[in-house]
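# Reading the structure
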Amino acid sequence: MRALYALQEKTNEALASVVPITAIVLLLSVSIAPITPGALVLFLFGAILLVVGLGLFTLGVDISMLPMGEGVGIELAKRKKLILPLLVCFVLGMVVTIAEPDLQVLAHQIQSIPNMVLILAVALGVGVALMGAMLRIRLKVRLSQVLLVCYGAVFMLAFFTPGNFLCVAFDSGGVTTGPITVPFIMALGVGMASMRNDKNSGSDSFGFVSLGSVGPILAVMLLGVFYKPESGDYHMTPLGEILTTQDAAREFMRAVPVYAEEVLTAVLPVIVVFLVFQLITHRFRRHQLGKMAMGLLYTYLGLVMFLTGVNVGFMPAGQLIGGGLAQGSASWLLIFVGMLVGFFIVRAEPAVQILAKQVEEVSNGSVSHHAMMHAMSIGVAVSVGLAMVRILTGFPILALLIPGYIAALGLTFMVPQLYTNIAFDSGGVASGPMTTTFLLPLAMGACGALGGDIMTDAFGIVAMVAMTPLITIQMMGYLGVRKERRLATIPEPALSGIAYYDDEYDDEEVA
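Thresholds, definitions, all that
Residues numbered from 1 in each chain as written. Predicted model: local features only at pLDDT ≥ 70, side-chain atom pairs only at ≥ 80, totals over all residues. Heavy atoms only, no water. Helix = DSSP H or I, 4+ residues; strand = E, 2+ residues; numbered from the N terminus. Buried < 20%, exposed > 50% of the residue type's maximum accessible area, 1.4 Å probe, protein only. Contact = heavy atoms within 4.5 Å. Areas by Shrake-Rupley, 256 points an atom, 1.4 Å probe, with all protein chains shown as cover. Expected span 1.5 Å × (residues − 1). Bend = angle between axes of the 7 residues up to and from the residue. Salt bridge = Lys/Arg side-chain N within 4 Å of Asp/Glu carboxyl O. Axes fitted to C-alpha atoms, helices over the stretch in contact; angles between N-to-C directions. Left-handed = near helix turned anticlockwise from the far one by under 90°. Nonpolar A, V, L, I, M, F, W, Y, C, P; charged D, E, K, R; others polar. Phe/Tyr/Trp six-rings, centres within 6.5 Å; stacked < 30°, edge-to-face > 60°. Polar contact = N/O pair within 3.5 Å; in protein donor to acceptor, adjacent residues only side chain to side chain. pLDDT = per-residue confidence, 0-100. Patch = residues over 30% accessible without salt bridge, like charges linked within 9 Å, V, L, I, M, F, W, Y side chains within 5 Å. Parallel < 35°, antiparallel > 145°, perpendicular 65-115°, else oblique.

### Overview of the overall build of the protein chain
- Looking only at helices and strands, the protein chain has 20 helices and 0 strands in total.
- For the protein chain, buried positions account for 57% of its 511 residues.
- Residue pairs at least 24 apart in sequence account for 86% of intrachain contacts in the protein chain once pairs closer than 6 positions are excluded.
- Accessible surface, the protein chain: about 20600 Å² in total, of which carbon and sulfur atoms supply 67%.

Okay, here's the thing in structure tokens:
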């Protein structure tokens, strides 16, 4: 009974996240961006799968992935010697990245580099990055200092990376932080930081996702310099003829085994690493393992339904709407439609829901779920709007990424560590399946209709989505600190009845 109540609660949350984007697509399809009846039926079927799948997935993650990751992190933190923790982080980063479905899709699009070479390069980048994240927690190094070095190296390499490969390199950082790996890696960081028992342990529990995102960017840039790729085409799968609802149902039935296999491939490495860990440490009791097994089943079924829904239902709709808007007389509407879609679509990202909950728990409510979602929605709306400006104007992506990251890194000196660490993790989780299966096709459809270069103009939207939340979430922290200081100057009797921002950090922690 308790499980049914929890599932109903999660499904209601998923429904509230999916309904706005569904309503927007329906409105666009009957007004300025008409789409075929077949694509609309697929989209509606996909939205139903999205709601049920997201509800099952988030419930399963709560029961299985989060306790597993936290338990592994705690045990690794207890080890005084660094060899085993470093090895586990490296192997874990490698195996979960190789199995990431979004990375497999990206590799197929870069024809000038063998698929396995690209996948191994990205996996190596993630493995090394997770080792660095573990060392950072052990040595109590501020995440902002590590990020300054990493992004400095990224933008130095950017000037040597071939232009038609640059967007792919930045996008690779987004596709590696998928819905399976993010919850486990986040919980791993929470477990490792919890053993420190100092005032910054909460904020330092974040950072694994952000470093796990920048590692692949560096690796793929180095690969691009070495291989000097000349071209790489992205091929959209053509939409078959959908004449009846039965035809639409058959499309989903054909896709289910494909995504069932992909998700199984993604989940198995995590399960194997956990089983080896359990055999060595015997940390969890039998009843806990049974509960986790049930949670993994929920996670698996939910993610299969979610990925089937977004890939079969949302991808064609995104491409057709993008093309329809670009071909119209008012192509500038792409910017405003993109911002509206971006604002709501991030709320349906599975890993975003998990991160927002984790942030609220670790910060003891000082950073609420509502505040996190609002800041991320604003950030993604801005990023999609800028991506549409790029498609319309051919604006180079570095002209946006360099100032954006300079602003994000500059803010790290002005806000508490907690907000910096949360912000850079949020960038990784914001660019998930909804981005790659709806926003990217939206950009590609618009770019194709305008006759642009898909590799240089449409690609890069994932990188933009990963960048802007770094600024908006840190701005949320900056405004909170300003408000706290302003209220501190008001005489105490005047504060009667005023609800003010409660920050757990002292002023001396604000650079």
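### Observations concerning helix H18 (residues 433-450)
- Taking 1.5 Å of rise per residue, 18 residues should cover 26 Å, and H18 covers 25 Å from first to last C-alpha, within 8% of that figure.
- In H18, a bend of some 25 degrees at Leu439 exceeds every other bend along the element, and Pro441, a proline, comes one to four places later.
- Taken across its 18 residues, H18 has 15 buried, putting it largely inside the fold.

### Some words on the pattern of salt bridges
- In the structure shown here, the tally under the stated rule is 6 salt bridges.
- For Glu75, the salt bridge identified is with Lys78, shortest N-O distance 3.6 Å. Here Glu75 and its partner Lys78 are both found in helix H2 (residues 37-78), 3 residues apart, which amounts to about one turn of the helix.
- On the basis of relative accessibility, which here comes to 13%, the residue Glu75 falls in the buried class.
- The residue Arg254 makes a salt bridge to Glu251 at a minimum N-O spacing of 2.7 Å. Here Arg254 and its partner Glu251 are both found in helix H11 (residues 245-281), 3 residues apart, which amounts to about one turn of the helix.

### Section: the packing of H11 against helix H12 (residues 286-327)
- Contact geometry of H11 with H12 gives a least axis separation of 8 Å together with a crossing angle of 145 degrees. The hand of the H11/H12 crossing is right-handed. For the pair H11 and H12, contact is made by Glu251, Phe252, Ala255, Val256, Tyr259, Ala260, Val263, Leu264, Ile271, Phe274 and Gln278 and by Leu289, Met292, Leu296, Tyr300, Leu303, Val304, Leu307, Thr308, Gly309, Asn311, Val312 and Gly313, respectively.
- Broken down by class, the residue content of the contact of H11 with H12 amounts to 17 nonpolar, 5 polar and 1 charged.

### Topic: the packing of aromatic side chains
- Taken as a whole and judged by the stated rule, the model has 11 aromatic pairs.
- Seen in terms of ring centroids, Phe155 and Tyr405 are 5.7 Å apart; in terms of plane orientation they differ by 55 degrees. Their pairing is tilted. Taken together, the residues span a long stretch of sequence, with Phe155 in helix H6 (residues 143-158) and Tyr405 in helix H16 (residues 398-411) at a distance of 250 residues. Across the pair, Tyr405 and Phe155 agree in class, each one buried.
- Judged by centre distance (6.0 Å) and plane angle (35 degrees), the rings of Phe274 and Phe277 are tilted. Placement of both Phe274 and Phe277 in helix H11 is noted, with a separation of 3 residues, approximately one turn of the helix.

### Some remarks on the side chain of Asn311
- With respect to the secondary-structure elements, Asn311 resides in helix H12.
- Residue classification places Asn311 among the buried positions, given a relative accessible area of 17%.
- There is a polar contact of 2.8 Å between the side chain of Asn311 and the backbone oxygen of Leu307.
- The contacts of Asn311, once residues within four sequence positions are left out, are Tyr259, Pro316 and Thr437.

### Considering the confidence of the model for the protein chain
- Scored by pLDDT, the protein chain comes out at a mean of 83, with 90% of its residues at no less than 70.
- Contacts from residues 498-511, a stretch scored under 50 in pLDDT, to residues over four places away or in other chains number 34 contacts.

### Things to note about a nonpolar patch on the surface
- Among the surface-exposed residues, Val272, Val276, Leu279 and Ile280 lie close enough to one another that they form a single nonpolar patch of about 400 Å² accessible area.
- Within the secondary structure, Leu279 is located in helix H11.

### Topic: the packing of helix H15 (residues 369-393) against H18
- Contact geometry of H15 with H18 gives a least axis separation of 10 Å together with a crossing angle of 20 degrees. Accordingly, the angle class assigned to the pair H15 and H18 is roughly parallel. For H15 against H18, the interelement crossing comes out right-handed. Contacts from Val384, Met388, Ile391 and Leu392 in H15 reach Leu439, Leu442, Ala443, Ala446, Cys447 and Leu450 in H18.
- Taken together, the residues of the contact of H15 with H18 break down into 10 nonpolar, no polar and no charged.

### Points about unusual backbone geometry
- Residue Lys140 is not a glycine yet carries a positive backbone phi of 60 degrees.
- Considering the arrangement of structural elements, one finds Lys140 in the loop between helix H5 (115-139) and H6.
- Residues other than glycine seldom take positive phi values, yet His282 does so here, at roughly 55 degrees.
- Tracing the backbone through its elements, the reader meets His282 in the loop between H11 and H12.
- Exposure remark for His282: the relative accessible area of 57% places this residue in the exposed category.

### Some remarks on the environment of Gly202
- Along the chain, Gly202 falls in helix H9 (residues 201-204).
- In this structure the C-alpha to C-alpha distance between Gly202 and Val190, which are 12 residues apart in sequence, comes to 7.5 Å.

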